[in-house]
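Reading the structure
In case you want the letters, here they are:
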Amino acid sequence: MEYILIIIAAVFVNNIVLAQFLGICPFLGVSGKVKTSVGMGGAVLFVMTIATIVTWLIMKFILIPFDIQYMQTIAYILVIASLVQMVEIVLKKVSPSLYQALGVFLPLITTNCAILGVAILVIQKEFILLESVIFAIGNAIGFTLAIVIFAGLREHLDKLPVPKGMKGAPAALVIAGILALAFMGFAGIV
Amino acid sequence: MNNWKNFTKGFIKENPVFILLLGLCPTLGVTTSAINGLGMGLATTFVLVCANVVVALIKNLIPNKVRIPSFIVIIASFVTIIDLVMAAYVPALYEALGLFIPLIVVNCAVLGRAEAFASKNTVFSSLIDGLGMGLGFTFALTLLGAVRELLGSYALFGYKFIQTDGILVFVLAPGAFFGLAYLIALMKKLNK
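Description of the structure in this document.

Reading the values: rules and limits
- Residues numbered from 1 in each chain as written.
- Chains lettered and ligands numbered in written order.
- Predicted model: local features only at pLDDT ≥ 70, side-chain atom pairs only at ≥ 80, totals over all residues.
- Helix = DSSP H or I, 4+ residues; strand = E, 2+ residues; numbered from the N terminus.
- Buried ≥ 20, exposed ≤ 12 C-beta atoms within 10 Å, placed from the backbone.
- Contact = placed C-beta atoms within 7 Å.
- Axes fitted to C-alpha atoms, helices over the stretch in contact; angles between N-to-C directions.
- Parallel < 35°, antiparallel > 145°, perpendicular 65-115°, else oblique.
- Left-handed = near helix turned anticlockwise from the far one by under 90°.
- Nonpolar A, V, L, I, M, F, W, Y, C, P; charged D, E, K, R; others polar.

**Some words on the overall build of chain A**
Within chain A, the secondary structure is distributed over 9 helices and 0 strands. Each helix and strand of chain A, ordered N terminal to C terminal, gives the series α-α-α-α-α-α-α-α-α. Out of the 190 residues in chain A, the part that is buried amounts to 43%. Of the contacts formed within chain A by residues at least 6 apart in sequence, a portion of 79% connects residues at least 24 apart.

**A word on the packing of helix H8 (residues 129-157) of chain A against helix H9 (residues 169-184) of chain A**
Residue and element names in this part refer to chain A. Where H8 contacts H9, the axes come no closer than 11 Å and their chain directions differ by 135°. It follows that H8 is oblique to H9 by the angle criterion. In this structure, the crossing between H8 and H9 has a hand that is right-handed. Of the residues in H9, those touching H8 at Ile 149, Phe 150, Leu 153, Arg 154 and Leu 157 are Ala 171, Ala 172, Ile 175, Ala 176 and Leu 179. Residue composition of the contact of H8 with H9, by class: 9 nonpolar, no polar and 1 charged.

**Focus on the interface of chain B and chain A**
Counting residues at the interface gives 34 residues for chain B and 30 residues for chain A. Within the residue set of the side of chain B that touches chain A, elements represented by two or more residues are helix H2 (24-30), helix H4 (67-89), helix H6 (108-118) and helix H8 (173-191) of chain B. Residue contributions to the side of chain B that touches chain A peak at 12 residues, all from H8(B). Across the side of chain B that touches chain A, the residue classes break down as 28 nonpolar, 3 polar and 3 charged.

**Examining the packing of helix H3 (residues 34-63) of chain A against helix H4 (residues 72-94) of chain A**
Residues and elements named next belong to chain A. Interhelical geometry of H3 versus H4 gives an angle of 140° and a closest axis separation of 10 Å. Put simply, H3 runs oblique to H4. The chirality of how H3 crosses H4 is right-handed. Across from Val 47, Ile 50, Ala 51, Val 54, Thr 55, Ile 58 and Leu 63 in H3, the residues of H4 making contact are Gln 72, Ala 75, Tyr 76, Val 79, Ile 80, Leu 83, Val 84 and Val 87. Split by residue class, the contact of H3 with H4 holds 13 nonpolar, 2 polar and no charged.

Below, the structure is given as structure tokens:
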């Protein structure tokens, strides 16, 4: 039950994009089409889960025993960057079809602050490993949900007569704002 | 003159937030008040200037293939410094900015300047560029913070004008998107 609550809170109540403002760059950048945004969501789910497990273990078994927690930022970003590279290489060999689907999005993920953000958040919240994994999966689902809905709306936006000054980024941001308003409706259910 | 142009381009013409749309996560996340925006902007400016200078200093020593990881390590070191300094001297602001301080490391505006400018230019012009871009970023965050604070709680830098609740939605998450949307539209208009 506790784990279900973590997932619901991460997906709806504290949606990582619309309530916590993490991962805005891919949210705005890779949301032109529903198909590509699903791919991005899948890649985020994959990397976020692995990255959270690895960084959690590094915190527990390297940084804390040596009492160098202040190295967290440097250690985490290096681990995430190399992890993404490794995932790319392994995926290419092991599952070419999955690589086909996620490949182009993987390099972009290194600079996705949602990955680093969740890795730091699970430490701040003092989650145990299983809770951290559940939290990461929930946040990745929340990211995918937000970006897919947003992409669906944006596909329709192209056909509408948007005022000249609001074309492009401003109109997209207004839509994101309305989406954030909708997600605020979930506040208080957990 | 050239240095002056280099310095001022970050404010309006190539503003990292309004025109280049870089670093939007902290822009949206911390600007619930003008003072938070200012604090976040200055922290980012510090990292941007230091990283730009160091990258420009050692650009010839870094092999081309590993330059991005090297830049990230340099940036992360300065982020750690500002993280510890802020925790020690401005604990209230540090609490308010929270997660977004360590996340300066993935702010694409910082890595973007290191890669696009500092790795190709002299130390001094990189310093000017970092300072201009950083202050442009600070300007954007403070402006958005001021707009949201003004509408959301009828206050500016903590000073309250009208003693009632404001339009609450502007200090909540959706207000960040709406505020930024209209500021970008306005800046586009001004830039023409």
